[in-house]
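Below, each chain spelled out in residue letters.
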Amino acid sequence: MKKLLKLSIFLMILSIFIFPSNAVTKLYPKATVKLPIKAFESDIAVYNKYIFYNIAYRDLEHYKTYSKSLFSKEKAKQINQVGDAYTVKLPVFKILSDQKLYSIAQFGGGFMGGINIFQLTKETAVNKSDFSNGISIEVDTLKNKLSFFPNPQYMNQGKVGSLYSSFYNDIQKFEYTSKDILKIAPLFSSITKDYTYAVNYKYNNPNDHDDESQDKNSSTIEAPGIIAINNSNYKNEMIIPDVQNMVMGDGKIYYYKKEANKGLYSVYSYSLKNKSTELICSNAKFDDNILSNSINYFPVKNNIFFMGDKNHSKLFTISNKKPKLLYSSMKRVLTNGNVVAILSQHKKNSEVKILNEKGIEIANIRVPNNQSDMFIYKNELIVWSWQDRTVRYYNIPAK
């Protein structure tokens, strides 16, 4: 009997390792907060157990930003106030590659327009910039500042045929319109200790009628490739030619290139340490508009997820170097770099699935509203709905 008991225990332990449990953890709110109905007209964020929201006034020409504790009854605190005579868009909140919370909003229009970027804490909002429209901005995490490349198309000040650089994972991308599904910001900075990584383009502006050599019938922007800029002497080195996109990973650059088959792409990773290239996936479909205001692929640990199919409405991951369809009919997709959160809206409620780096569901949330949205920071997730004016706070699996 003892031998049989020992054998059964051994087989049970062995089965745990060979056949791991696919149990999905049901998550319940750790806290709930009621907000004014106007707070649900724009983005809401969570950051270190505080929520952040905006209230618009004066016909959307001004807004105020508030912070409120999730675990105390203290009143919400106004930490910022922004206005512009030529109107200002309600801001979006982003966790940037320095793991700090920012509020980003466009103001004005044309050459009179620009962008407001504020770094937020529960107590203050620090103005980090008043940049003009269209420039390319990235966080320098080592120097705790924002760096940028100028925009040659601004006021047609670029020289035809000249090359210019841009941060492809520009923090201004993802304005989170109602049609956007993927809602992320750069997870890793393109600026490292020794090098800055960017995409080179060739300037060719058909509206620049002062240059006789300008091709008036072409608005093509050529992309010679991904470059490494030495931070000491500012010399450029071409590291990946003929590529017009890039996303930074942990010590890697991810990018895709068009295959022979129309509309299909291959995804690669480039190691910054070994300077070696690896094929990750073939037969993937991407938006190849190099001037697009969105990025449709992102790293989660050592894997890649991307939005594909018509209108980028389906979520894929990569398995055995091929695309693997995970989900469709989603309202929102988020990531913190360790997990992926997807929000689906049903007839009577909303559902959030938490996926690990392989695309396997590890946790699940049910919300009793069919119109919801969400925000993620590390292991903090909030889901909110204007229908009951409630923000629900969850702790999600960190890995």
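All of the points below concern the structure found in this document. Source: prediction; values computed, not measured.

Attention now goes to the overall build of the protein chain. Regarding its fold elements, the protein chain presents one helix and 31 strands. Counting over 399 residues, the protein chain shows a buried share of 51%. Within the protein chain, contacts between residues at least 6 apart in sequence are counted, and of these 48% link residues at least 24 apart. With the model as given, the accessible surface of the protein chain reaches about 20500 Å², and the carbon-plus-sulfur share is 51%.

Bringing the sheet that holds strand β3 (residues 45-47) into the picture now. Sheet strands pair by backbone hydrogen bonding; their relative direction is either parallel or antiparallel. Read across the sheet, four strands follow the order β3-β4-β5-β6 without closing on themselves; strand pairing throughout is antiparallel. Each end of this open sheet is capped by a strand with a single partner; those strands are β3 and β6 (77-83). Taken over all neighbouring pairs, the strand axes of this sheet differ in orientation by 25° on average, direction set aside. The pairing of strand β4 (residues 50-57) with strand β5 (residues 62-69) spans eight bridges and is antiparallel. Following the sheet pairing, Asn54 is matched in β5 by Thr65.

Among the secondary structure elements, Ser190 is positioned in the loop between β13 (163-166) and β14 (195-202). Residue classification places Ser190 among the buried positions, given a relative accessible area of 0%. The contact partners of Ser190, leaving out residues within four places of it in the chain, are Glu138, Phe167, Asn169, Tyr195, Thr196, Tyr197, Met246 and Met248.

Let's shift gears to unusual backbone geometry. Glycine aside, residues mostly have negative phi angles, and peptide bonds mostly take the trans form. Phi at Lys49 takes a positive value of approximately 70°, unusual for a residue other than glycine. Along the chain, Lys49 falls in the loop between β3 and β4. Taking relative accessible area as the criterion, Lys49 reaches 48% and is therefore assigned partly exposed. Of note in the backbone geometry, Asn320 takes a positive phi value of approximately 55° without being a glycine. Relative to the assigned elements, Asn320 resides in the loop between β23 (314-319) and β24 (322-327).

Further remarks concern the pattern of salt bridges. If you walk through the whole model with that rule in mind, you get nine salt bridges. Measuring nitrogen to oxygen at the nearest pair gives 2.8 Å for the salt bridge that ties Asp43 to Lys183. You can see Asp43 sitting in the loop between β2 (31-34) and β3 and its partner Lys183 sitting in the loop between β13 and β14, a full 140 residues away along the chain. No difference in accessibility class separates Asp43 from Lys183, as the two residues are buried. The salt bridge involving Glu123 is made with Lys77; its shortest N-O contact spans 2.4 Å. With Glu123 in the loop between β9 (114-120) and β10 (125-132) and Lys77 in strand β6, this residue pair connects regions lying 46 residues apart in the sequence.

For the rest of this paragraph, the subject is the nonpolar core. Leu35, Ile44, Phe52, Leu101, Phe375, Ile382 and Val391 are the most contacted members of the largest nonpolar core, which has 33 residues in total. Among the elements that line this core, the one with the most residues is β4, at five residues. The contacts of Leu101, once residues within four sequence positions are left out, are Ala45, Tyr47, Phe52, Phe93, Lys94, Ile95, Phe118, Gln119, Leu120 and Phe375. Listed in part, the 29 residues of the second largest apolar core include Ala228, Tyr255, Ile304 and Phe306.

Right, let's get into the environment of Phe306. Its location among the elements puts Phe306 in strand β22 (residues 303-308). It is 9.7 Å that separates the C-alpha atoms of Phe306 and Leu325, two residues lying 19 residues apart in sequence. For Phe306, the contacting residues outside a window of four places in its chain are Ala284, Lys285, Phe286, Asn296, Tyr297, Lys314, Leu315, Phe316, Thr317 and Pro323.

Of all six residues in strand β30 (residues 380-385), six are buried, a share of seventy percent or more. What you see with β30 is no split at all: Glu380, Ile382 and Trp384 on one side and Leu381, Val383 and Ser385 on the other are buried throughout. Direction of pairing for strand β29 (residues 373-377) relative to β30: antiparallel, over a ladder of five bridges. Bridge pairing links Tyr377 to Glu380 in β30. Sheet topology note: the β30/strand β31 (residues 390-395) ladder contains six bridges and is antiparallel. Each bridged residue has a counterpart across the sheet, and for Trp384 the counterpart in β31 is Val391.

A word on the environment of Ile171. One can find Ile171 in the loop between β13 and β14. Its relative accessible area of 1% is what places Ile171 among the buried residues. Counting along the chain gives 33 residues from Ile171 to Glu138, while the straight-line C-alpha distance between them is 6.1 Å. Not counting the four nearest positions on each side in its chain, Ile171 is found in contact with Lys94, Leu96, Ile104, Ile117, Ile137, Glu138, Leu146 and Pro186.

Each aromatic ring pair is specified by the distance between its two centres and by the angle formed by the two planes. Scanning the entire structure with this criterion turns up 10 aromatic pairs. Measuring from ring centre to ring centre gives 4.6 Å for Phe149 and Phe167, while their planes differ by 40°; the resulting arrangement is tilted. With Phe149 in strand β12 (residues 145-149) and Phe167 in the loop between β13 and β14, this pair connects stretches of sequence that are 18 residues apart. Phe167 matches Phe149 in its accessibility class, with the two residues each being buried. Judged by centre distance (6.3 Å) and plane angle (35°), the ring pair of Tyr195 and Tyr197 falls under tilted. Among the residues examined, Tyr195 registers a relative accessible area of 27% and is labelled partly exposed. The class for Tyr197 is buried, based on a relative accessible area of 7%. Through successive ring pairs, a cluster of aromatic residues spans Tyr256, Tyr265 and Tyr297. In this arrangement the basic side chain of Lys64 is found over the ring face of Tyr57, its NZ or CZ atom lying 5.1 Å from the centre.

Analysis parameters
Residues numbered from 1 in each chain as written. Predicted model: local features only at pLDDT ≥ 70, side-chain atom pairs only at ≥ 80, totals over all residues. Heavy atoms only, no water. Helix = DSSP H or I, 4+ residues; strand = E, 2+ residues; numbered from the N terminus. Buried < 20%, exposed > 50% of the residue type's maximum accessible area, 1.4 Å probe, protein only. Contact = heavy atoms within 4.5 Å. Areas by Shrake-Rupley, 256 points an atom, 1.4 Å probe, with all protein chains shown as cover. Pairing = 2+ DSSP bridges. Axes fitted to C-alpha atoms, helices over the stretch in contact; angles between N-to-C directions. Salt bridge = Lys/Arg side-chain N within 4 Å of Asp/Glu carboxyl O. Core = buried A, V, L, I, M, F, W, Y, C linked by side-chain atoms within 4.5 Å. Phe/Tyr/Trp six-rings, centres within 6.5 Å; stacked < 30°, edge-to-face > 60°. Lys NZ or Arg CZ within 6 Å of the ring centre and 35° of its normal.

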